[in-house]
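Overview (structure and organization)
What follows is the residue order along each chain.
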Amino acid sequence: MRMGMVIDLDKCIGCRTCTVACKSHNAQPPGTWWNRVFTPGSSYHQAAVGKDGYLQMNFLPVSCQMCDNAPCEKVCPVGATYTDERGVVLVNYDRCIGCRYCIAACPYNVRQFNWEDPKKVKERAGYKEGYDYGYPADVRDKDGQLVYTPNRPQGVVEKCTFCFQYTSQGEKPACVRSCPSKARIFGDLDDPDSEVSRLIRDRQAFRLKEELGTQPKVFYLQASKPNR
Amino acid sequence: MERGKVKLSRRQFLQATAATGVLIGSVGATGFAKKAIGKGEAALPDIKTIRTTCSPNCTGACGMNALVEDNEIKAIVQAADYPDPEYNPRGCLKGLSMMNLVYGPDRLQTPLIQKGKAGVDELKKSTWDEALDFTARRLKEISDKYGPESIGVMFQVGGTGYVHKGAVSRLATLAGWNIHHAYDQNGDLPMFWPMTFGVQTEELEPSEWVNSRYIAIFGSNIMATRLPDAHFLVEARNRGAKIAVFDPNFSPTAAKADEWIPITGSSDAAVALGIAKIILEEKLYNETFIKTYTDMPLLVRIDNGKRLKADEVQGLIRPEDIPTYREAYVAYNGQFIAVHPEKLDLTLDVVLEGEVDVHLKSGEIVKAKPAFQLLKESLIKYTPDEVEKESGMKKDALVRIAREMATIKPLHIVYGASNYQWYHGDLKGRALALINVLTGNLGEAGAGISTYAGQYRIRLKVAQWWVPEGRKQNWLPWLYVLNGPTKTMKAKYPEHGIKALIVGWGNPFDQHNMSNILRERVQSGELEFVATMDFQMTTSCQYSHAVLPGVTWYEKTDLVASPVHPYLQLQQPAIKPVFEGKPELWIMKELAKRLNPEFEKYFYPELDPDQASEEAIKLMLKTGGSTVEGITLEQLKKGPVRLKSEVPGNRQIPFYEQIQHKRAFPPESLPAKLEQTAQFIKSGRIEFYKDEDIFLRAGEALPVHKPPFVESEYALNPQAREKYSFTFVTRNAIYRVHSTHSNNIWMNELQEGKPHIWLNPADATEKGIKDGDEVEIYNDHGKVTAFAVIDPGAGRKVAVFEEGWWSRYLKGASYNSLTYPFIKPTHEVYFVPGMWAPNTAWNECLCDVRKVGNAQ
């Protein structure tokens, strides 16, 4: 089993609902975003690219690309970043020492560092005293490694887990469930009959920075360009 | 950490989110812990799922599941439980981050009272009794002194909560206060609807978009403003529909379209009339359709511009079975025919063109022409060359697109609010509707014209709850509060004006046009008392004398419907009210009994707020009429229920009955009575020729193109023509629902925490403005500052601001301080609240821009 995701850029409308679903279900503190949506080529989201009336605007959601050949995993000096039996790249928060080599190594810039105790960051935002959001319990993998906790400790690196707390139970990640355009599809890349496999075959899927040989398990489908 | 427990709890969390259908209505009852224990396993954490309906004023009305642990919302996910799976999942980034408002720093904790000067001194915490006693005492004093009609009530907006908003209407009716209808206050009422079709507004449901083969979008940014439904547009395109977007700005919607046609601001009527001219010239119109359903064959007197009435003509008799709000007019097929306004059975040999002499009963002989002939004559000037001059649309493109729109069916036109919220928004809508009607694109799957703005729609008969015992209500359009009375107004202006305001679910002291004037009125004492109900500390709370903390849609029971999709849904309490917030029905009840002990009985005083709300829902379902026939509260607790319609499958296809079964126009617009709206189109037909005096005087008997600003900004100040060359357009962003979520911490992180002004690169260069510069946008009415986004997709001479920002992010200024409450006389021909009333033209606003620090 190799879990992967297909993101259909034709369906993506750049609404950023997935980024917010990710943030809330994974209890990310203010300032931390595991999943972002960009307008490539533009300095500001949803501003056009081009000039003199020759314009375009496409959207690109980017979170952990779940590389088969993950540079972050290779550089981790303590083995905190690892790939589980479903092909999901995870961080063991108990083991991470916060050296941030992985952040430097990741070509997709998706890893986030907890410079501060997230509880303090949330407190500063002014939420009702004692209030906290997100999936409310610790989650460990089959070997007992801590791969989800509502407030990651200060000094550790965190990132998308394909919503381990959900997908390890056979459910879909929050971004997939929440996408109002159904632009995200999650499934088993090893299963040739899965929707993800079919879409990758049929729709000329591409991956980000393919040339680096990272072999991501997140695939993108081109935004179709009607004849103008 | 015990892994077994954790795993189980995760499964519970998931089950909870997946199994909504089963769980709805089981609020607090189905403990997953209990379930789990039943399976012989441990039980942590105890998470409940409660389905509610996200209900800001965005029309989405999206079913949401709150995941609740220990009376706290931990996360939100779309309920995705609509019986028509194509509507799943509905919901967007704002709805999913609602925790930030429910538990955010601006959440009101207690009632507040102003003991000093409103808008100046600090509000003081109070008990509910103190705040309610104080509010009731002040309202009674003002009512005694100036009359109850001097107290204005505004709430945003009816469809987002029939129970609690109805409770405000209920008390306002009992007390005799004036209500300001949100639909015209917000400028959301597209006046071409009542003028042309005799309805408040009608809209195709989004699942119908995929049935269209041509979708022409005029100034609507569906990809940003209709997030839950935007996918239907992409699907329609991928199924072969052509999508053409007419917009001065290259929007996300334009980016997904087949064709983007940039036209200059508010030139849409010129384009539409240019298209209509080609349709007429090339005989691409549907003659049977226009003879059957429209006023095109009806004769118009040339001497006075009035439609010829049957009882004026020698030898014709006005049929006797015509209600007083209708009129029998005349058509000609060699003989004069009295046209029955309730029968769409006119013979097809009637003439559409030419001129006839008519012998009147008075002995006069007058000349008359069919409206179609007059239309044809009026369109002569809209040549492709002329349209290009007015709109910037290339003439060959106009001809090509006119032929496409006339021949590719079904055609759906979407006319966006940002586009109709201009002084001549009514004319543009009438011109666009002409394309649909000439080509017979109406009343069938995928065909029609839609507007999609505001959750105004009352989809069931609510009178039993909203208007106790059928008492008379007082209504005053908001523009008169700002502008003062006019000579031509049909609404009744209170003798002393508005001396007190009761505000619910709105932020007029921040968001409404001339909010700066409102602030001054409070500070000067002209507005003697303001009470605001809200769950957050808004600018309007700061300018109030009494602040009454309400609750969100996660903390109460209510009934919700949207104009956009056809589902009736509940709000259900996922958590207990946060801090001292109270459901608004309770606040109304408490206020009612203090105003007059007789009033209390109207608010279910013996029940708690949720029980009382359920009783109100049962009452409305029971007396709600055909759209809710057979729908019960129990059904709604299980999930959303499609409202009934006269279309097979209960689909939402406007005018289906009129077109398919030849029933007279208009269909009923609730809550108005038919006689109120049918008077707008007395012929019982789709009317493009309006013969009321005000239309004739304005030169708007037929749809015409009038350039913006001439009758508004330039009339107000002729120097504006030279001084202000930019148009200040306030569009919606994906990050807010109007001003709701303006203070949502995550939304602000996604937009650099600051408001932006979008400018074309050439304009920015001329003004010496670079990306990120702080820019002042100003005119004679006001000014606002924002940070520049240099966008090659922004039209020339347009300053695009994304509306909804609270003034705390704008150095205390309201972005709408630049706007002006223009009242267009044709909006005063009739008055039916929220249906034919003067309404706000936000984008009819000129300005200039300069880099902050660059004084000119």
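Residues numbered from 1 in each chain as written. Chains lettered and ligands numbered in written order. Predicted model: local features only at pLDDT ≥ 70, side-chain atom pairs only at ≥ 80, totals over all residues. Heavy atoms only, no water.

**Quick notes on the overall build of chain B**
- Within chain B, the regular secondary structure consists of 34 helices and 30 strands.
- Here the C-alpha radius of gyration of chain B, 27 Å, is about what a compact globule of 856 residues would show, namely 29 Å.
- In terms of overall dimensions, chain B has a C-alpha envelope of 90 × 65 × 60 Å along the principal axes.
- Among the 856 residues that make up chain B, the fraction classed as buried is 68%.
- The long-range share in chain B, meaning contacts at least 24 apart out of those at least 6 apart in sequence, stands at 72%.
- Positive and negative side-chain charges of chain B, numbering 101 and 104 respectively, have mean locations separated by a distance of 2 Å. (Helix = DSSP H or I, 4+ residues; strand = E, 2+ residues; numbered from the N terminus. Rg over C-alpha atoms; globule rule 2.2 N^0.38 Å. Buried < 20%, exposed > 50% of the residue type's maximum accessible area, 1.4 Å probe, protein only. Contact = heavy atoms within 4.5 Å. Lys, Arg positive; Asp, Glu negative; His and termini not counted. Charge placed at Lys NZ, Arg CZ, Asp CG, Glu CD.)

**Considerations on unusual backbone geometry**
Residue and element names in this part refer to chain B.
- Of note, the bond from Lys 409 into Pro 410 is cis; its omega dihedral lies within 30 degrees of zero at 0°.
- Note that Pro 410 resides in the loop between α17 (395-407) and β16 (411-415).
- In this structure, the amide linkage connecting Leu 670 to the following residue, Pro 671, adopts the cis form with an omega of 5°.
- Backbone geometry places Lys 283, a non-glycine residue, at a positive phi of 50°.
- Of note, the phi angle at Tyr 604 is positive, near 50°, even though the residue is not glycine.
- Following the sequence through the fold, Tyr 604 ends up in the loop between α25 (584-595) and α26 (609-623).

**Describing the pattern of salt bridges**
- Tallying each qualifying case throughout the model produces 73 salt bridges over all chains.
- Between Glu 210 of chain A and Arg 207 of chain A there is a salt bridge, and its shortest N-O distance comes to 2.7 Å.
- Taking the relative accessible area as the measure of exposure, Glu 210 of chain A reaches 39% and is therefore partly exposed.
- Among the residues examined, Arg 207 of chain A registers a relative accessible area of 18% and is labelled buried.
- Linking Arg 594 of chain B and Glu 590 of chain B is a salt bridge whose minimum nitrogen-to-oxygen distance equals 2.9 Å. Pair noted here: Arg 594 of chain B and Glu 590 of chain B are both in helix α25, with a separation of four residues, about one helical turn.
- Glu 590 of chain B gets classed as buried once you look at its relative accessible area, which sits at 7%.
- One continuous salt-bridge network, built from bridges that share partners, spans Asp 129, Asp 133, Lys 589, Glu 590, Lys 593 and Arg 594 of chain B. (Salt bridge = Lys/Arg side-chain N within 4 Å of Asp/Glu carboxyl O.)

**A few points about the packing of aromatic side chains**
- For the structure on display, the rule yields 46 aromatic pairs over all chains.
- Here the aromatic residues Phe 192, Trp 193, Phe 197, Tyr 415, Tyr 420, Phe 655 and Phe 665 of chain B are joined through ring pairs into a cluster of three or more.
- One cation-aromatic arrangement involves Lys 128 of chain A over Phe 579 of chain B; the distance from NZ or CZ to the ring centre is 5.3 Å.
- In this structure, Lys 582 of chain B is placed above the aromatic ring of Trp 586 of chain B, and the distance from its NZ or CZ to the ring centre is 4.7 Å. (Phe/Tyr/Trp six-rings, centres within 6.5 Å; stacked < 30°, edge-to-face > 60°. Lys NZ or Arg CZ within 6 Å of the ring centre and 35° of its normal.)

**Concerning the sheet that holds strand β11 (residues 299-301) of chain B**
Residue and element names in this part refer to chain B.
- As summarised here, the arrangement of the three strands in space is β11-β15-β14, forming an open sheet in which the pairing is antiparallel. Each end of this open sheet is capped by a strand with a single partner; those strands are β11 and β14 (356-359). Each strand axis lies, on average, 45° off the axis of its neighbour in the sheet, ignoring direction.
- With three bridges joining them, β11 and strand β15 (residues 365-370) adopt antiparallel strand pairing. By the bridge assignment for β15, Val 300 is matched with Lys 369.
- In the packing of helix α15 (residues 371-378) onto the sheet, the strands contacted are β11 and β15, and the crossing angle to β15 comes to about 70°. (Pairing = 2+ DSSP bridges. Axes fitted to C-alpha atoms, helices over the stretch in contact; angles between N-to-C directions.)

**Some details on the sheet that holds strand β1 (residues 3-8) of chain A**
All names here are of chain A.
- One open sheet accounts for three strands, arranged β12-β1-β13; its pairing is mixed. Only two strands of the sheet have a single partner each, and these edge strands are β12 (184-188) and β13 (218-221). Each strand axis lies, on average, 20° off the axis of its neighbour in the sheet, ignoring direction.
- In this sheet, β12 lies alongside β1 in antiparallel orientation, the contact comprising five bridges.

**Section: α15 of chain B**
- Among all positions of α15 of chain B, only Ala 371, Phe 372, Gln 373, Leu 374 and Leu 375 of chain B are buried.
- On its buried face, α15 of chain B is in contact with α13 (268-281), α14 (287-293), β11, β15 and α19 (425-438) of chain B.

**Topic: the nonpolar core**
- Counting residues in hydrophobic clusters, the biggest one holds 126 residues, and the most contacted among them are Phe 162 of chain A together with Ile 73, Leu 93, Tyr 103 and Tyr 554 of chain B.
- In terms of residues, this core owes the most to one element, helix α11 (residues 230-238) of chain B, which gives five residues.
- Other than its neighbours up to four places away in sequence, Phe 162 of chain A contacts Met 3, Gly 4, Met 5, Met 66, Val 88, Thr 167, Pro 173, Phe 186 and Val 218 of chain A.
- By size, the runner-up hydrophobic cluster in this structure holds 69 residues, among which are Ala 406, Tyr 415, Leu 438 and Ile 659 of chain B. (Core = buried A, V, L, I, M, F, W, Y, C linked by side-chain atoms within 4.5 Å.)

**Some points on the packing of helix α6 (residues 128-146) of chain B against α25 of chain B**
Residue and element names in this part refer to chain B.
- Between α6 and α25, whose axes approach to 9 Å, the crossing angle comes to 55°. Between α6 and α25, the angle falls in the class oblique. In terms of crossing hand, the pair formed by α6 and α25 is right-handed. Here α6 contributes Trp 128, Asp 129, Leu 132, Asp 133, Thr 135, Ala 136, Leu 139 and Lys 140 to the contact with α25, which in turn contributes Trp 586, Ile 587, Glu 590, Leu 591, Arg 594 and Leu 595.
- For the contact of α6 with α25, the per-class residue count stands at eight nonpolar, one polar and five charged. (Parallel < 35°, antiparallel > 145°, perpendicular 65-115°, else oblique. Left-handed = near helix turned anticlockwise from the far one by under 90°. Nonpolar A, V, L, I, M, F, W, Y, C, P; charged D, E, K, R; others polar.)

**Some points on the environment of Pro 605 of chain B**
Residues and elements named next belong to chain B.
- As for its position among the elements, Pro 605 is in the loop between α25 and α26.
- Residues Pro 605 and Trp 586, spaced 19 residues apart in sequence, show a C-alpha to C-alpha distance of 8.7 Å.
- Once you skip the residues sitting within four places of it in the chain, Pro 605 turns out to touch Lys 589 and Glu 600.

**Examining the interface of chain A and chain B**
- Counting residues at the interface gives 68 residues for chain A and 72 residues for chain B.
- When chain A packs against chain B, the two sides together hide about 5600 Å² of surface, and 60% of this comes from carbon and sulfur.
- Area buried by chain A at its contact with chain B is led by Tyr 44, Gln 169 and Arg 177 of chain A, which between them contribute 13% of it.
- Here chain A is connected to chain B by two salt bridges.
- Here Arg 237 of chain B makes a salt bridge to Asp 10 of chain A, at a shortest N to O gap of 2.6 Å.
- Our count for the chain A to chain B interface comes out at 23 residue pairs in polar contact (both at pLDDT 80 or more). (Buried area = accessible area lost by both parts, 1.4 Å probe. Polar contact = N/O pair within 3.5 Å; in protein donor to acceptor, adjacent residues only side chain to side chain.)

**Looking at the pairing of strand β1 (residues 47-54) of chain B**
All names here are of chain B.
- With respect to burial, β1 is a largely interior element, seven of its eight residues being buried.
- The pairing of β1 with strand β2 (residues 62-69) spans eight bridges and is classified as antiparallel. The residue of β2 that forms the bridge with Lys 48 is Val 68.

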